[in-house]
Amino acid sequence: MKRIIVTFLLLLVCFSGFAFDFGGILSTTSYVQDSVKNLSFNQYVETSLWMRANFGENTTLTSDVFYSFNGDFANDSELQAGKTSTFINKLDLSSLKLTTKFNLKNNNSLNLALGRNFINDLSGFILAQKLDALALNFVNQNATFYFYVGYTGLLNHHTTPMYSPSFVPEDKPFYTFTSPYIVANVSAKFPVLFASQNIWFEFLSAIDAKNFEYNRLYTTLAFDGPIYKSLYYALTSTYQFNLGTYPEVHNWGNFTKAEISWFTGIKSLIFSAKVFYVSDSFTPISTVDILTDGSNLDSVLKTGIYASIKPIEPLFLAIGSDFAFDVAENNAVQDYKGFQYSAQVRYEIFDDCLVNLSVGQFFYNKENSVYQDKEPYLNLKAHVRISF
């Protein structure tokens, strides 16, 4: 099989008049994340190799494969309690994608992509992961239309965990298959439809390919654009409808996020205010953190303010804070959950070396009986990435 692939690539090299490029990335992350009383040191090391080949003017083949090592070192109290340090190795094909562009009449174009690639839904939180898919993108002056259909069952559960209540992955090192879903998306963007406003529509489905017992449908409507001069807004609302036989399936749920941003024009300084609302019965496809303590999109209202600036071109600074509230079974906002802050410093030493430091901490509301025994959760990371 390897010989066939190598021969195929060599033939493409010889007959396509192509341009070929390759490289790699080496990164390491030192971090602690847990309740303050249970902190332990973790080390994550990843190396990846990428390749890009252009065949003709409009066709490109890209690939990216990586290996990572994650060490969770037990602290003294954990060692005394019998816990030992754990080490996890991961190997994954991050992307393998063939893309081509067809130029049509009247400045229209059709883009086709086939293979594994990272895909986001309109919200950036419901589906945010790799997907083996066929994607089409039609662009004209008045609108952009998207369509893709893909399968998740060949992805690595160690690197792409998904929300699936009845799926139990096999316990295999390096690579084990994740939840098998057939994912399909149809969306449309109408740019500058009126008063410089953009409108998006999206329909997304995730069909349980194993037992057909937990199927999800999502419909999204999104708006963004200027309010006045350098003041902008973005509003996205998604309704989810569940179909299937799984006993805990809810009928519907909602995820809404709103953002207002002020681009000052001074050293790329941006101020923003954001609100996230997730109803009790909403379940995403991907597992994406929404709070510092690792909480996903599940029964929460989060509201906060943020600021970011580039005082000099290689240096990026950001700070933010949020208040979080629990959402009850009737989808009404109820008790105050807690407060979190975050800060980030990112510095590009030179073109091929990036250093990133971040800290975040969540303080639970001790007056709420649910959280009275929970200690503050700390997330502290130091990340270095070198490209070659």
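See above for the structure.
Nothing here was measured: the structure is a model prediction, and the numbers come from that model.

> Account for the overall build of the protein chain, with residues named and values stated.
For the protein chain, the helix and strand inventory stands at 2 helices and 18 strands. Against the globule reference of 21 Å for 388 residues, the protein chain gives a C-alpha radius of gyration of 23 Å, in line with a compact fold. By its C-alpha atoms, the protein chain is 70 × 55 × 55 Å across when sized along the principal axes. Looking at the protein chain as a whole, 39% of its 388 residues are labelled buried. Roughly 21400 Å² of accessible area belongs to the protein chain as shown, and the carbon and sulfur atoms make up 62% of that amount. The average position of the 27 basic charges and that of the 34 acidic charges among the side chains of the protein chain differ by 8 Å.

> I'd like to hear about unusual backbone geometry, residue by residue, with values.
Residue Phe 174 is not a glycine yet carries a positive backbone phi of 65°. On the secondary structure map, Phe 174 appears in the loop between strand E7 (144-151) and strand E8 (181-194). Relative accessible area serves as the criterion here: at 37%, Phe 174 is assigned to the partly exposed category. In this structure, Lys 229 is a non-glycine residue whose phi angle is positive, near 50°. Considering the arrangement of structural elements, one finds Lys 229 in the loop between strand E10 (215-228) and strand E11 (231-243). According to the relative accessible area criterion, Lys 229 is exposed, its value standing at 64%.

> Which residues make up a negative patch on the surface, and what values go with them?
Taken together, Glu 313, Glu 348, Asp 351 and Asp 352 make up a surface patch of like negative charges. Taking the relative accessible area as the measure of exposure, Glu 348 reaches 34% and is therefore partly exposed.

> Hey, could you go over the pairing of strand E16 (residues 333-350) for me, with residue numbers and the actual values?
Here strand E15 (residues 315-327) runs beside E16; their pairing, made up of 12 bridges, is antiparallel. Within E16, the residue paired with Ser 321 across the bridge is Tyr 341. Sheet topology places E16 next to strand E17 (residues 353-364); 12 bridges connect them, and they run antiparallel. Directly across from Phe 339, in E17, lies its bridge partner Phe 363. Taking the residues that link successive antiparallel strands as the turn, the E16-E17 hairpin has 2 residues.

> Can you tell me about the pattern of salt bridges, naming the residues and giving the values?
For the structure shown, the criterion picks out 4 salt bridges. For Lys 130, the salt bridge goes to Asp 92, with nearest N and O atoms at 3.4 Å. In this pair, Lys 130 sits in strand E6 (residues 128-139) while Asp 92 sits in strand E4 (residues 86-103), placing the two residues 38 residues apart along the sequence. Both residues of the pair, Lys 130 and Asp 92, count as buried.

Here is what the cut-offs are and how they apply
Residues numbered from 1 in each chain as written. Predicted model: local features only at pLDDT ≥ 70, side-chain atom pairs only at ≥ 80, totals over all residues. Heavy atoms only, no water. Helix = DSSP H or I, 4+ residues; strand = E, 2+ residues; numbered from the N terminus. Rg over C-alpha atoms; globule rule 2.2 N^0.38 Å. Buried < 20%, exposed > 50% of the residue type's maximum accessible area, 1.4 Å probe, protein only. Areas by Shrake-Rupley, 256 points an atom, 1.4 Å probe, with all protein chains shown as cover. Lys, Arg positive; Asp, Glu negative; His and termini not counted. Charge placed at Lys NZ, Arg CZ, Asp CG, Glu CD. Patch = residues over 30% accessible without salt bridge, like charges linked within 9 Å, V, L, I, M, F, W, Y side chains within 5 Å. Salt bridge = Lys/Arg side-chain N within 4 Å of Asp/Glu carboxyl O. Pairing = 2+ DSSP bridges.

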